Amino acid sequence: METSESLSTFRWGKEGRWRGICLPFPRLFTVTCLALSGLPNACGVFAIPDIKPNIVLMLADDLGIGDIGCYGNNTIRTPNIDQLAKEGVKLTQHIATASICTPSRTAFLTGRYPIRSGMSARTEPRVFIRTGSSGGLPPNETTFAKLLQQQGYTTGLIGKWHQGVSCKSRNDHCHHPLNHGFDYFYGTPLSFLNECQSGKDSEISQQLRAACWSYTHLISLLVFTLLLGNISGMTSLKWKAIAFVAVCGILFFITWFSCYGFSRYWDCILMKEHIVTEQPIKAENVTFKILKEAISFIERNKQGLFLLFVSFLHVHTPCYTTELFNGKSRHGLYGDNVEEMDWMVGKILTAIDKEGLRDNTFVYFTSDNGGSLELREGSTQCGGWNSIYKGGKGMGGWEGGIHVPGIVRWPGMIPVNISIDEPISLMDIYPTVVHLAGASVPQDRVIDGKNQIALLQGEVKHSEHEFLFHYCGAYLHAVRWYQKESGALWKVHYVTPKFHPEGASACYNRKICPCFGDGVTHHNPPLLFDLSRDPSEANPLSPTTEPLFNTILSHTERAIREHKKTLTPVPEQLDIYNIIWKPWLQPCCGAFPFCWCDDETDSNAINIQI
Ligand SMILES: *[C@@H]1O[C@H](CO)[C@@H](O)[C@H](O)[C@H]1NC(C)=O
Ligand SMILES: *[C@@H]1O[C@H](CO)[C@@H](O)[C@H](O)[C@H]1NC(C)=O
């Protein structure tokens, strides 16, 4: 089967030359190429085709590496993702840049540590929690979508964005996907949340509390100051007092409403391009809508080059699962949701096949961060399983939050059914797809990702990464050092979040472990692990157990100093001012504040037969 599949990848170059047959041998890095033509360098490498590939990137939300069959799960059924791995390369050291959505996605989109764009927070929360806040991916950041667009690709984002919406006015959409290189957008500007399913407890109200109250206090103070001055002739103290109480009362009500009562209407929304089409989201239809949009994007653009970024709402809470999969898995609602997402992956791959695009499409699948240990639905787990790795979503540098699945398929161009155990960052997708599209990365800024195509093709043995920095918000918690010559993979933790391995109370009743303050432990000397021998970070090394202890630390410290030299101060996108709800920025499909709509136009066409 391997051989016939490989033979079918035999292709003509643009000018009608043979490019060579490639015979990948499973589980070997080495790839032998049979050069049939006068192409002397076709041996040992996969030639980059003259024709640029389509790019399909699939990103799951909060999926744990241990939730997938091909990464060792034998009770959850993920046949489509497993098949994708068989047809391509499985990355076993695939590392997210942050352990939580917003900054991890920023790094993915920009190929840079999120601290470079101000997308890593100094305070909590570390992610956007309102659609009506002013922070977001700065307009001067260049996503891979923007570069591919310039190369003639039609670019689409279907699903979750979570990188902000507007800056100054409701419709400026400065952070919106369409302002960041996507020609088409359908999905949620924020995220899928518990409150998006009616009847579910609000997930963000807890996180919001602090922001809400500082907002109220700030405005009350402002009103108070204004009233102290003589405005509009209100000189009597009595009237000032009445006006003060009235204004504060209204503000209090609005704040309460926005923070506690209404976030389903204001934050669970679906947009098509610049228009809000569903407010609030109907959880029961959204899976089919996302899938239908992804498939129709492929169908619409099959004639030309396209980049499709499918950013699943799965498997984030509320783990809403349609009837097709509800109750079908052996792992409750969470397992049902994973199996449903796998089904969606299968449908998207089928659409690629149906249009005859399989050979000319670079397909990638990953997760933005590890599974959440804390999330529960009642008494059952509603967060992912991070296999042997310690910790989970939000937990700084622990492997569980950042060690994610990664699968790449590009028939005939990269080997089939092998694993690559070299460190590859999610940031690497940026220079890799930019290269495939024939563009070059911006020269006016630091790009932290590395083009990994040569590694994927077996042309080189090692990843270019030597050091990877593991931030928690804007705080550097840990560093990993890959010592290529010895194969050792050192990890040094300077700070770790305090957590308890037992599920629900993982972060001592916080929803997400904090990055600083009393929720973390500072280590001096730092904790050192050799991940190549101890991937679970169970046994910290000491100068007695590891003779190289001090040498390793001085190496990583030097690397940190060098890294810090490359950082420049930029506006903070997740500070309190940029994260609070600003009514004048609220995306709204009606007349604000009466925001509700339901674009039912094509819901009849949506069915499970997609
Ligand atoms: C498979 O995934 C489920 C759900 O996340 C988890 O509970 C289970 O432990 C996993 N099994 C294995 C063998 O990893
Ligand atoms: C984007 O603009 C900000 C604010 O003016 C600036 O600090 C930053 O360096 C710019 N980023 C890039 C990549 O040019």
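The rules behind each value
Residues numbered from 1 in each chain as written. Chains lettered and ligands numbered in written order. Predicted model: local features only at pLDDT ≥ 70, side-chain atom pairs only at ≥ 80, totals over all residues. Heavy atoms only, no water. UniProt positions renumbered as here; feature names shortened; annotations may be inferred. Salt bridge = Lys/Arg side-chain N within 4 Å of Asp/Glu carboxyl O. Helix = DSSP H or I, 4+ residues; strand = E, 2+ residues; numbered from the N terminus. Buried < 20%, exposed > 50% of the residue type's maximum accessible area, 1.4 Å probe, protein only. Polar contact = N/O pair within 3.5 Å; in protein donor to acceptor, adjacent residues only side chain to side chain. Disulfide = S-S within 2.5 Å. Phe/Tyr/Trp six-rings, centres within 6.5 Å; stacked < 30°, edge-to-face > 60°. Near = heavy atom within 4 Å. Areas by Shrake-Rupley, 256 points an atom, 1.4 Å probe, with all protein chains shown as cover. Nonpolar A, V, L, I, M, F, W, Y, C, P; charged D, E, K, R; others polar. Axes fitted to C-alpha atoms, helices over the stretch in contact; angles between N-to-C directions. Parallel < 35°, antiparallel > 145°, perpendicular 65-115°, else oblique. Contact = heavy atoms within 4.5 Å. Expected span 1.5 Å × (residues − 1). Core = buried A, V, L, I, M, F, W, Y, C linked by side-chain atoms within 4.5 Å.

In the nomenclature of an unreviewed UniProt entry, the protein chain corresponds to Sulfatase N-terminal domain-containing protein from the organism Anolis carolinensis. You can read under Sequence similarities (unreviewed entry) in the UniProt record for the protein chain the words "Belongs to the sulfatase family."

**Q** How should I be thinking about the pattern of salt bridges in this particular structure?
**A** Here the idea is simple: oppositely charged side chains can pair when their charged atoms come close. Counted under the stated rule, the structure contains 25 salt bridges. Residues Asp598 and Lys282 are paired through a salt bridge, measuring 2.6 Å at the closest nitrogen-oxygen approach. Residue Asp598 is located in strand S20 (residues 597–598), and its partner Lys282 is located in the loop between strand S8 (275–279) and helix H8 (283–301); the two are separated by 316 residues in the primary sequence. We classify Asp598 as partly exposed; its relative accessible area is 34%. Among the residues examined, Lys282 registers a relative accessible area of 23% and is labelled partly exposed. Between Lys491 and Glu537 there is a salt bridge, with its nearest N and O atoms 2.7 Å apart. Of this pair, Lys491 sits in strand S18 (residues 488–497) while Glu537 sits in the loop between strand S19 (520–530) and helix H13 (549–565), placing them 46 residues apart in sequence. Taken as a pair, Lys491 and Glu537 share a single burial class, namely buried. Counted as one network, the salt bridges with shared partners bring together Asp61, Arg105, Lys160 and Asp368.

**Q** For this particular structure, what's the right way to read the side chain of Thr321?
**A** Structurally, Thr321 can be placed in the loop between strand S9 (306–311) and helix H9 (332–354). A distance of 2.9 Å separates a polar side-chain atom of Thr321 from the backbone oxygen of Cys319. At 3.0 Å, the side chain of Thr321 and the side chain of Asn337 are in polar contact.

**Q** Would you explain the state of the cysteines in this entry?
**A** Linking two cysteines covalently through their sulfur atoms gives a disulfide. Under the counting rule described, the total for this entry stands at six disulfides. Across the disulfide, Cys589 is cross-linked to Cys597 (sulfur-sulfur distance 2.1 Å). Since a negative S-S torsion denotes a left-handed disulfide, the Cys589-Cys597 link at about -115° is left-handed.

**Q** In this structure, what is going on with the environment of Ile418? I would like to understand it.
**A** Among the secondary structure elements, Ile418 is positioned in strand S14 (residues 418–420). In sequence terms Ile418 and Leu91 are 327 residues apart; their C-alpha atoms lie 8.7 Å from each other.

**Q** When you look at the packing of aromatic side chains in this model, what are you seeing that I'm missing?
**A** Aromatic ring pairs are defined here through the distance separating the ring centres and the angle between the ring planes. In the structure shown here, the tally under the stated rule is 22 aromatic pairs. Ring geometry for Tyr113 and Phe469: centres 5.9 Å apart, planes at 70°, overall edge-to-face. With a gap of 356 residues between them, Tyr113 in the loop between helix H3 (101–110) and helix H4 (144–150) and Phe469 in strand S16 (residues 467–472) connect regions that are remote in the sequence. The exposure class assigned to Tyr113 is buried, which follows from its relative accessible area of 4%.

**Q** Help me understand the site of ligand 2, please; the structure alone is not making it clear to me.
**A** In the vicinity of ligand 2, the residues found are Arg112, Asn140, Glu141, Arg445, Val570 and Pro571. A distance of 2.3 Å is found between an oxygen atom of ligand 2 and a side-chain nitrogen or oxygen belonging to Asn140. Contact with the protein chains removes 54% of the 360 Å² of surface that ligand 2 exposes when unbound.

**Q** When you look at the site of ligand 1 in this model, what are you seeing that I'm missing?
**A** Taken together, Gly66, Asp67, Gly72, Asn73, Asn74, Thr75, Ile76, His331, Tyr334 and Trp385 make up the full set of residues near ligand 1. The contact in question runs from an oxygen atom of ligand 1 to an N or O atom on the side chain of Asn73, over 2.3 Å. Between ligand 1 and the protein, one listed contact pairs an oxygen atom with a side-chain N or O atom of Trp385 at 3.0 Å. Its residues assigned to classes, the shell around ligand 1 comprises three nonpolar, six polar and one charged.

**Q** So what exactly am I meant to see when it comes to the environment of Leu476 here?
**A** With respect to the element layout, Leu476 can be found in strand S17 (residues 475–483). Its relative accessible area of 14% is what places Leu476 among the buried residues. Along the chain, Leu476 and Val495 lie 19 residues apart, while their C-alpha atoms are 7.8 Å from each other.

**Q** Is there a simple way to explain the packing of helix H2 (residues 79–86) against H9 in this structure?
**A** Packed helix pairs are specified by the crossing angle of their axes together with the interaxial distance, meaning the distance between the axes. Between H2 and H9, the shortest axis-to-axis distance is 7 Å and the interhelical angle comes to 50°. One element, H2, and the other, H9, form an angle in the oblique class. Contacts between H2 and H9 involve Pro79, Asn80, Ile81 and Leu84 on the former and, on the latter, Met341, Asp342, Trp343, Val345, Gly346 and Leu349. The residue makeup of the contact of H2 with H9, split by class, is seven nonpolar, two polar and one charged.

**Q** I would appreciate a short explanation of H9 in the present structure.
**A** Along an α-helix, residues three or four apart share an orientation, since each turn contains 3.6 residues. End to end, H9 covers 33 Å across 23 residues, agreeing with the expected 33 Å (1.5 Å per residue, within 8%). In terms of residue burial, H9 counts as a mostly covered element, since 17 of its 23 residues are buried. Taken from the residues just after H9, Gly356 is the one with a positive phi, measuring 70°.

**Q** Any chance you could explain the nonpolar core here in plain terms?
**A** Among soluble globular proteins, nonpolar side chains are generally buried collectively. If you look at the biggest cluster of nonpolar residues, it comprises 108 residues, and the most contacted ones within it are Leu57, Met58, Phe144, Ile348, Phe362 and Phe365. Among the elements that take part in this core, H9 stands out by supplying 10 residues, more than any other. The contact partners of Leu57, leaving out residues within four places of it in the chain, are Phe108, Phe144, Leu307, Leu308, Phe309, Val310, Tyr364, Ile429 and Val433.

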